[in-house]
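This is what each chain is made of:
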Amino acid sequence: MEWARDSLKRLEDSREARRNAVHEELSQEEVDRLLQEHHPDHSGKGRSIAVGANANATAFPIELADLLESKSRLPDDYVPAADIETDVLIIGGGGAACSAALALNESGLKTLLCAKLRLGDSNTVMAEGGIQAALGPEDSAQRHFADSLVGGHGKNDPQLLKRLCEQGPEGIRWLTELGCLFDVTEEGMFRLRLGGGASVPRVLACRDYTGLEIMRTLKDATRLTTTEIMEDCPALELLDDGAGQVSGATIWNRQKNCLQSVSARAVLLATGGAGQLRFQQFGTSNHVGATGDGLVLAYRQGCHLEHGGSFQYHPSGSCYPEAMSGRLVTEAIRSVGAQVVNNEGHCFINELTYRDVLAAAIIREVREGRGIQTPAGSCGVWLDTPLIDIKHGAGTLQKQFPGIVHRFAPFGIDPSQTPILIYPTLHYQNGGVRVDEWCRTEINGLWAAGEVTGGLHGTNRLMGNSLLDIITFGRRAGESIKAQLPERKAATRSAADRFQRDLQKLSESSVQGPQLFPVEMNMNATPGQ
Amino acid sequence: MAGINVMSQEHIEVIVSGKALKARPGLTLTHALWEAGRAGEVQTGCDGGVCGACTVSIQLKGDSKTLIDLACQRQVEDGMTVFPYPAPTIPAVAPNREISPESIRAAFPTLDRCTKCGACSMVCPMDIPVMDSVTRMRSGAFEEAAEDFTSCIHCGQCRVVCEDRVKPHNMGMWVRRSLGMAQNWERLAGSAVNSPDESWDLLLDCDEETRLARCREFRKTGRVES
């Protein structure tokens, strides 16, 4: 990294003076101004849409607005027939989908899980830093609630958040019973780390592979159930009975390259987020399936989207080398001591403040000329990772964060010796489909769980609350479906067709939705071709 | 000819599935395939090195050795030859909290067939010492074996290359889950005590602004009083 020599020199020169310095918290006025001026949610680049439950009310990012007003991917002459019959249809292949499948196991209900990619190829598997649960001696579900609500700017749905925090310890117990191995202290108790915005240590981890540990365990456990699993089967449309109840879905079986309609008594949307829509040309830390499909499908059925314009830009996305652009560098690295430093060698903010605030501060540094320019034309600030070994002893970074060391190694970068260049990356969909505390949407027959839902996290999510979200609410969705399974109804495309007619009255969209794959992938997403 | 020379400065050539691919240096194989409109040739899942969908076999220019790597982690190099190399999923084996040399052999009868050829360790894209770990499993050193497989992404390559039908990554999962299930929850969690239930009312039964103010106070003092 010869091109950054001068900047790295300034960083090293300032290290001794700043390593133990404590940054004052910003005042509420300073936080509000920073977010207004520099957070991408407030860039004024969104637009409202003309049809559906959020018509003329919410400003969505343009790429998402286009998809919410998009044409169906079903051919006009396609008439759904019950090619496949199941009691429960789970759409999605990540942590929420598997948690629900496990909750439904041994219920006697026939469960079919349709994943767009392979089972487990999801944002869950990519989560690094950890999962929150109030297990510390000074902690409580109420304190977890307070931290999360302040982090979410008070916009969180309090009932959803109460459930999440109350069930944190139970979720960890369940994962442990399934065989998850979380990091422990020398005394053999869970090691709890401080997460950004948390007032006490509450984050459990498995090194920086927490999502991998949870996902591979859930996947293995799900494969041992009677759940039928269909991979490479994205959902193109939800089906309904013509009287307001969702009753199935049409999927594109990509292995057979044909459309198949599924008749189901209950449908669970567990389709995840939308980072691959790459709003305002941001990079993303998300897997390739994260194209907001569930939002589009639920919206056509009449569901509201809560906080649909709120997204999380993770402060530490990698921005060098180009091949690693947008990839996640876990927040846990900051919780054990890596500072965020600009081109002048100055630590400009408390690195453990809320994610939206830190992201906005980094964007400000870059806009105001205090960023570091890479040869490929990106610009970012330093994450002073060598500080971890300096503070905690040689080998600490490798031991606690083997993933980050492994991923940078092919590029000749050792983060224990060289700082990492970071810039915010599109990471999480804070908002989504409106649900109640049993994951029921406003539409009969349709449940939703995980990142596709909105309300729980307000307008900014704390680290470790998304893994707890998918475990808690994935399981609750399964329980709720068991308790309230509707009768089987006809599976027609009437709600989706009605939405299309409303749309055509107002605009002529050329966009087809759901998008299914990132634009960058140049995939042909047309069934039958 | 001049035009071709300019091209060769800006692009390198990789052969994927027998077909030439012009690629910008610095890209991963995955992104080079995307840019060329050939995304369908190698499966992609996370594009972040942890899902194992995009395994490929690679031969570098002038080297007869075959490597296995993740297309999303490997940069393009001029003259490299690449084939998709996915591993099919095989059925999971139920873990057993009574983990022992006997129970692992009951779950995986091929465990002792390992002839220590080392192919599994060679192909692992996560640099897990797979063969050594299989040896540890044979000797009952389960804690160490579980540690070895911390970073396993379940790409399945160690199983695919094993001529002795040993299933290292499935065994790694089995050992980790079996040990995990045998943990003592009370010991791990300690005596986590929740604060009294009445504070929920103060946090819930109020308007948004009051709730936010009370939560701010709670964060500072650990209590809500009014």
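Residues numbered from 1 in each chain as written. Chains lettered and ligands numbered in written order. Predicted model: local features only at pLDDT ≥ 70, side-chain atom pairs only at ≥ 80, totals over all residues. Heavy atoms only, no water.

### Some words on the interface of chain A and chain B
Working step 1: Each side of the interface is counted separately: chain A has 70 residues, and chain B has 69 residues.
Working step 2: Between chain A and chain B lies a buried interface of about 6000 Å² when both sides are counted; carbon and sulfur atoms form 57% of it.
Working step 3: For the pair chain A and chain B, the number of links is 7 salt bridges.
Working step 4: As a salt-bridge pair, D147 of chain A and R219 of chain B come within 2.7 Å of each other at their nearest N and O atoms. (Contact = heavy atoms within 4.5 Å. Buried area = accessible area lost by both parts, 1.4 Å probe. Salt bridge = Lys/Arg side-chain N within 4 Å of Asp/Glu carboxyl O.)

### Concerning the environment of P486 of chain A
Residues and elements named next belong to chain A.
Working step 1: Note that P486 resides in the loop between α16 (465-483) and α17 (494-506).
Working step 2: P486 sits in the buried class, given a relative accessible area of 15%.
Working step 3: For P486 and D6, which are 480 residues apart along the polypeptide, the C-alpha to C-alpha distance reads 66 Å.
Working step 4: Each residue touching P486, except ones within four places of it in the same chain, is listed here: Q245, R265, A266, G445 and W447. (Helix = DSSP H or I, 4+ residues; strand = E, 2+ residues; numbered from the N terminus. Buried < 20%, exposed > 50% of the residue type's maximum accessible area, 1.4 Å probe, protein only.)

### Some words on the UniProt feature "active site" (unreviewed entry) in chain A
Residue and element names in this part refer to chain A.
Working step 1: In this numbering, the UniProt entry assigns the feature "active site" (unreviewed entry) to R355.
Working step 2: Along the chain, the position of R355 falls in helix α12 (residues 355-367).
Working step 3: On the accessibility criterion, R355 (7% relative accessible area) is buried.
Working step 4: Polar side-chain contacts of R355 include one of 2.5 Å to the side chain of E331. (UniProt positions renumbered as here; feature names shortened; annotations may be inferred. Polar contact = N/O pair within 3.5 Å; in protein donor to acceptor, adjacent residues only side chain to side chain.)

### Some remarks on the sheet that holds strand β20 (residues 453-454) of chain A
Residues and elements named next belong to chain A.
Working step 1: Read across the open sheet, the 3 strands follow the order β12-β18-β20; overall the sheet is mixed. The open sheet has two edge strands with one neighbour each: β12 (305-306) and β20.
Working step 2: Here β12 runs beside strand β18 (residues 432-434); their pairing, made up of 2 bridges, is antiparallel. Looking at the pairing, E306 lines up with G432 of β18. (Pairing = 2+ DSSP bridges.)

### Side note on α16 of chain A
Working step 1: Relative to the 27 Å expected for 19 residues at 1.5 Å per residue, α16 of chain A spans 26 Å between its end C-alpha atoms, a close match to the ideal helical length.
Working step 2: For α16 of chain A, the tally of buried residues reaches 16 of 19 residues, placing the bulk of the element in the interior. (Expected span 1.5 Å × (residues − 1).)

### What to know about helix α10 (residues 293-300) of chain A
Working step 1: α10 of chain A sits mainly inside the fold: 8 of its 8 residues count as buried.
Working step 2: Considered for burial, the residues of α10 of chain A that qualify are D293, G294, L295, V296, L297, A298, Y299 and R300 of chain A.

### Description of the domain arrangement of chain A
Residue and element names in this part refer to chain A.
Working step 1: Domain parsing of chain A yields domain 1 (2-38 + 312-426) and domain 2 (84-310 + 430-495).
Working step 2: A straight line from the C-alpha centre of domain 1 to that of domain 2 covers 30 Å.
Working step 3: Contacts between domain 1 and domain 2 engage 30 residues on the former and 31 residues on the latter.
Working step 4: Taking both sides of the interface into account, the surface hidden between domain 1 and domain 2 amounts to around 2400 Å²; carbon and sulfur atoms contribute 51%.
Working step 5: On the domain 1 side of the interface with domain 2, the three residues burying the most area are Q312, Y354 and L426, jointly 29% of the side's total.
Working step 6: Put simply, domain 1 and domain 2 have 1 salt bridge between them.
Working step 7: Here R407 ties to E128 by a salt bridge, and the two come within 2.7 Å at their closest N and O atoms.
Working step 8: Our enumeration of links across domain 1 and domain 2 arrives at 20 residue pairs in polar contact (both at pLDDT 80 or more).
Working step 9: Listing elements by their share of the side of domain 1 that touches domain 2, those giving two or more residues are β13 (311-318), α11 (332-335), α12, α14 (396-400), α15 (402-408) and β17 (420-429). (Domains from an automatic or database assignment.)

### Some points on the pairing of strand β4 (residues 66-70) of chain B
Regular strands show a simple pattern: their side chains alternate between the two faces of the sheet.
Residue and element names in this part refer to chain B.
Working step 1: Where strand β3 (residues 55-59) lies against β4, 5 bridges are found, and the strand directions are antiparallel. For T55, the partnering residue across the bridge sits in β4 and is L70.
Working step 2: Connecting β3 to the next strand, β4, in antiparallel fashion are 6 residues, including G62 with a positive phi near 75°.

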